[in-house]
Structure formats: structure tokens, C-alpha cells
Amino acid sequence: MPGRGTARTHAGIPFGGAVQAEHFDSDPSYRQAFLDHCDLVMPMNELKFSLLRPNRESWNFEPADRLVDFAIANGRLCRGTTHVWYGATPDWITRLESEREIAAALGEHVERVSDRYRGRVTDWDVCNEVIAHDPASEGPLRDTFWLRRLGPRHIPDAFALAARADPSATLTLNDYDLEFRGSRYDLRRATMLSIVRQMQDRNVPVHRVGLQAHLYLEKEIDVEGLARFGAELKALGVGLVVTELDLIDWQIEGGPAEQDAAAERSVSAFLDGLLDAGRPAAVVAWGITDRYSWISDVMPREDGKPERPLPLDRDYRPKPWYETLRRRLATA
Ligand code: G3I
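Residues numbered from 1 in each chain as written. Predicted model: local features only at pLDDT ≥ 70, side-chain atom pairs only at ≥ 80, totals over all residues. Heavy atoms only, no water.

**Q** Go over the packing of helix α12 (residues 256–276) against helix α14 (residues 320–331) with me, naming the residues and quoting the values.
**A** Packing of α12 against α14 brings their axes to within 8 Å, and their N-to-C directions diverge by 20 degrees. By the angle class used here, α12 and α14 are roughly parallel. Remark: the crossing between α12 and α14 carries right-handed chirality. Seen from α12, the contacting residues are Asp-260, Ala-263, Glu-264, Val-267, Ser-268, Leu-271, Asp-272 and Leu-275; seen from α14, they are Pro-320, Trp-321, Thr-324, Leu-325, Arg-328 and Leu-329. Its residues assigned to classes, the contact of α12 with α14 comprises eight nonpolar, two polar and four charged. (Axes fitted to C-alpha atoms, helices over the stretch in contact; angles between N-to-C directions. Helix = DSSP H or I, 4+ residues; strand = E, 2+ residues; numbered from the N terminus. Parallel < 35°, antiparallel > 145°, perpendicular 65-115°, else oblique. Left-handed = near helix turned anticlockwise from the far one by under 90°. Contact = heavy atoms within 4.5 Å. Nonpolar A, V, L, I, M, F, W, Y, C, P; charged D, E, K, R; others polar.)

**Q** Report on the site of the ligand, specifying residues and quantitative values.
**A** Around the ligand there are 13 residues in total, and Glu-22, Lys-48, Glu-129, Glu-244 and Trp-286 lie nearest to it. In the model, an oxygen atom of the ligand is placed 3.1 Å from a nitrogen or oxygen of the Gln-20 side chain. A distance of 2.7 Å separates an oxygen atom of the ligand from a polar atom in the side chain of Lys-48. Contact with the protein chains removes 48% of the 800 Å² of surface that the ligand exposes when unbound. A class-by-class count of the residues in the shell around the ligand yields four nonpolar, five polar and four charged. (Near = heavy atom within 4 Å. Polar contact = N/O pair within 3.5 Å; in protein donor to acceptor, adjacent residues only side chain to side chain. Areas by Shrake-Rupley, 256 points an atom, 1.4 Å probe, with all protein chains shown as cover.)

**Q** Would you mind going over empty space enclosed by the protein in detail, with residue names and values included?
**A** Enumeration according to the criterion identifies one cavity of 30 Å³ or more in this entry. Space inside the largest cavity adds up to approximately 70 Å³. What lines the largest cavity is a set of 13 residues, among which Asn-128, Glu-129, Val-130, Thr-144 and His-154 lie closest to the centre. The set of elements that each furnish at least two residues to the lining of the largest cavity consists of α8 (145–150) and α9 (154–165). The residue inventory of the lining of the largest cavity, partitioned by class, reads eight nonpolar, three polar and two charged. (1 Å grid on protein atoms, 1.4 Å probe; cavity = no way out; pocket = protein on both sides within 12 Å on 5 of 7 lines; lining within 4 Å. Points joined across faces, edges and corners; volume = space filled by probe spheres on them.)

**Q** Describe helix α6 (residues 99–117), and please don't skip the residues or the numbers.
**A** For α6, with 19 residues, the first-to-last C-alpha span of 27 Å sits near the 27 Å given by 1.5 Å per residue. The set of residues buried in α6 consists of Ile-102, Ala-105, Leu-106, Gly-107, His-109, Val-110, Val-113, Ser-114 and Tyr-117. (Expected span 1.5 Å × (residues − 1). Buried < 20%, exposed > 50% of the residue type's maximum accessible area, 1.4 Å probe, protein only.)

**Q** So what about the layout of surface pockets? Which residues, and what values?
**A** Take a probe with the size of a water molecule and roll it over the atoms, and the empty space left behind shows itself. There is about 480 Å³ of room inside the largest pocket. Around the largest pocket, the lining comprises 25 residues; the ones closest to its centre are Trp-85, His-214, Glu-244, Trp-286 and Trp-294. For the lining of the largest pocket, the secondary structure elements donating two or more residues are α1 (21–26), β7 (214–216) and α13 (295–298). Class assignment for the residues of the lining of the largest pocket results in nine nonpolar, eight polar and eight charged.

**Q** I'd like a rundown of the packing of aromatic side chains, residues and numbers included.
**A** Counting across every chain of the model gives twelve aromatic pairs. Ring plane angle 15 degrees and centroid distance 5.3 Å describe the contact between Trp-59 and Phe-61, whose orientation is recorded as stacked. Phe-61 shares its class with Trp-59; the two are buried. Over the ring of Phe-24 we find Arg-31, and its NZ or CZ is 5.0 Å from the ring centre. Over the ring of Trp-59 we find Arg-112, and its NZ or CZ is 4.6 Å from the ring centre. (Phe/Tyr/Trp six-rings, centres within 6.5 Å; stacked < 30°, edge-to-face > 60°. Lys NZ or Arg CZ within 6 Å of the ring centre and 35° of its normal.)

**Q** Tell me about the nonpolar core, and name the residues and values.
**A** Formed by 100 residues in total, the largest nonpolar core has its most connected members in Phe-159 and Leu-325. It is α12 that contributes the most residues to this core, seven residues altogether. With sequence-adjacent residues up to four places away left out, Leu-325 is seen in contact with Phe-15, Leu-245, Val-267, Leu-271 and Val-283. Grouped together as the second largest cluster of nonpolar side chains are eight residues, Met-42, Val-241, Ala-282 and Val-284 included. (Core = buried A, V, L, I, M, F, W, Y, C linked by side-chain atoms within 4.5 Å.)

**Q** Explain unusual backbone geometry to me, and be specific about the residues and the numbers.
**A** Peptide bonds are, in most cases, trans, and in most cases residues other than glycine have a negative phi. Going from Thr-81 to Thr-82, the amide bond is cis rather than trans, its omega being 0 degrees. By secondary structure assignment, the location of Thr-82 is in strand β3 (residues 80–84). Positioned with a positive phi, Tyr-316 is a non-glycine residue whose angle comes to about 65 degrees. Inspection of the secondary structure assignment puts Tyr-316 in the loop between α13 and α14.

**Q** Lay out the pattern of salt bridges with the relevant residues and their values.
**A** Applying the stated rule across the entire model yields 27 salt bridges. A salt bridge links Arg-120 to Asp-69; the nearest nitrogen and oxygen atoms lie 2.6 Å apart. One end of the pair, Arg-120, is in the loop between α6 and β4 (123–128); the other, Asp-69, is in helix α4 (residues 62–73), and 51 residues separate them in sequence. A residue is classified by how much of its surface remains accessible, and Asp-69, at 28% relative accessible area, is partly exposed. Between Arg-189 and Asp-222 there is a salt bridge, with the nearest N and O atoms lying 3.2 Å from each other. (Salt bridge = Lys/Arg side-chain N within 4 Å of Asp/Glu carboxyl O.)

Structure (C-alpha cells):
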């Protein structure tokens, strides 16, 4: 096992997984799976604003520290999510009265968190999910507390704060639904490009776009659209990273064989577009085993059969699509 601070170096594109503290503590096989499979290990939830600072008076770094230490002590890369996300905004911030107080609280947060994890968490999702679900009818930006109180400038401001707090960090703008075929997805990609361009026009650093890649298996991947998106970002000097890969098979009829066949098709098409677009910095799965996934809670199957969203099944056996993925990342 490589020692502290020496990230494992592999040929190919690093593969990673997002880890959750509660399972890390209770399930030794889960912990081992990250060591067996991942070049990068990142906390799934523990670095989110509302978990790090649930009250104005108290910070809770312990769960995140443990997971980040686990990654680094075992020579893995680590990345962080996220400073600005409507889904993890602590209540106390929403009760602050003035814009000035809110901006100051965000600044304090980004500074303190960046500082604590400098050199260990080397890539941050600075802002997550700022694009409206349907930019044509609701957008271009998502209606959030941050947008309502600080305006669109909260995005470049957060990136500028993160860059100042840790000039060595890679700064990522992360979002979902950027890989499918259809006008809503075209518009989401165009909106992302426009946000990146506007930040660059203000000389605000944005290094990568994060593709969450929650792949709905009933939807078609727009291979050419994804490749074009990557090429346009590359022309702006911005790379791609896959941040939350998992497979949503709730509409796929049949059992494991049909689910895995649909998974193989979708992952292969996704990789066709992604790898044509250049070389993503990493591909990170949103978990590691089907035992623990948000998908069965949020999008359960009507037939009650178990979903198969993650690289390893419930017994920690690798899926065929995961083997395809690893092969293609290794040779990319
Ligand atoms: O840890 C507590 C546990 O002690 C308690 O018993 C249990 C009761 O509900 O809750 C546990 O916390 C939950 C936590 O996940 C850990 O499992 C929270 O309630 C729950 O809100 C939290 O959900 C996470 C969600 O983001 C909100 O932060 C999911 O795990 C996580 O998969 C999901 O991830 C998001 C990405 O950040 C952004 N993209 C979409 C993705 C899926 O929604």
C-alpha cells in the first residue's frame, strides 16, 4: 500500500467512488471495496455546507476528516463536493437578513474549508446544480436561495473566493443532465457553456465542468452532442470530470440480465462521447455497491425488483458494465 500523501499513479484515467461515513463505519467490506477498486475516494455528503456547519456556532469536520484521511493515507486522490448547493444550504444562513451577511458567511465557509483541506482535497465542486432543470421555461439559472439573495454573481463570486482561498485547487462547476439527446439537454449544455464563458470574461477561474452522469437507462445518450460539448469546453481551456456516475434502471423491464444489458449500452455510448471529447480528469461513481444508493429511495422500481445502479452488486461482485468501463479508462 503506498504511504501517506503519495497518490497512486496509474496509466489511464483514474476511477473513483463516493463514500458515505455511516456505511464506512458499519461495513468493513464496503470500506475494503474502495481500496480494492478506487484510485480516488471522495466523501459523498460529509463536505456539504449543511453538514460541515449545521449551526452558526458549530462546525462538524470529524466525518469528512475521517474520510479524507482514509483516502490520503491510502494514497488515493480526493475531491470535494460542494460549497454552494441549494440542497445543502444550512437553515441558519437562510435566516440571515442582509445580502452582506450572507455573502460574508459564504466567504468564511469557503475560506475555512478550503484552508483545512488544502493539498488533500485538490478538486472542488464549487457550485452544484446552478442550471435550471428546464432552462427554456425556468431558467437559465435554477431558482435557489443563493440566486434570490445574491443574484447570478454568487457563482463567479464563489469561484473567486475558492481560487483565493486555495490557488492550487482545481475548481469545478458540477451539474446533471448534460449527456442525453433532446432539446432540454441541448439547452442545458448551451447554458453551461454560457456560464463558463461569462466567468472567463470576468477573469474568474473555472477549470472543469463536472458531469454528474446519473444515467437514466431509458434515455438515449447524445454521443455527438456530448463530444461536441467536451470539444467546446476544451477550446475554452476547460476539462471534464465525471462526478456522480450511476445507472437508473427503474424503467427497464426484466431482471438483472436486462438491467445489465441496458447498462452496458448506456455506459458504452456515454464513454464514446466522453472519450471522444478528450480525457476526463477522473470518472467517479456515486457509491460503490448496490447495497447503498440514493436511487432506490428516490426512484424505486414499480415491480419492486432491486435496482442495479453501481459498479458492484450487493455481494460486491463487479458488474459487466463496470469491467467495460475499467478497460476503456485503462486504455484511454
Ligand atoms: O446520516 C443520516 C442518518 O444518521 C439518518 O439515520 C438518516 C435518516 O434519514 O439520514 C442520514 O443522512 C442522509 C444522508 O444522505 C446519508 O445517507 C440524509 O438524510 C440524506 O438527505 C442524504 O442524502 C444525500 C443527498 O445528496 C442530500 O445531501 C444522498 O445520500 C446523496 O446521494 C445525494 O447526492 C446528490 C448529490 O449531492 C447532487 N446530485 C444528486 C445526488 C442525488 O440526489
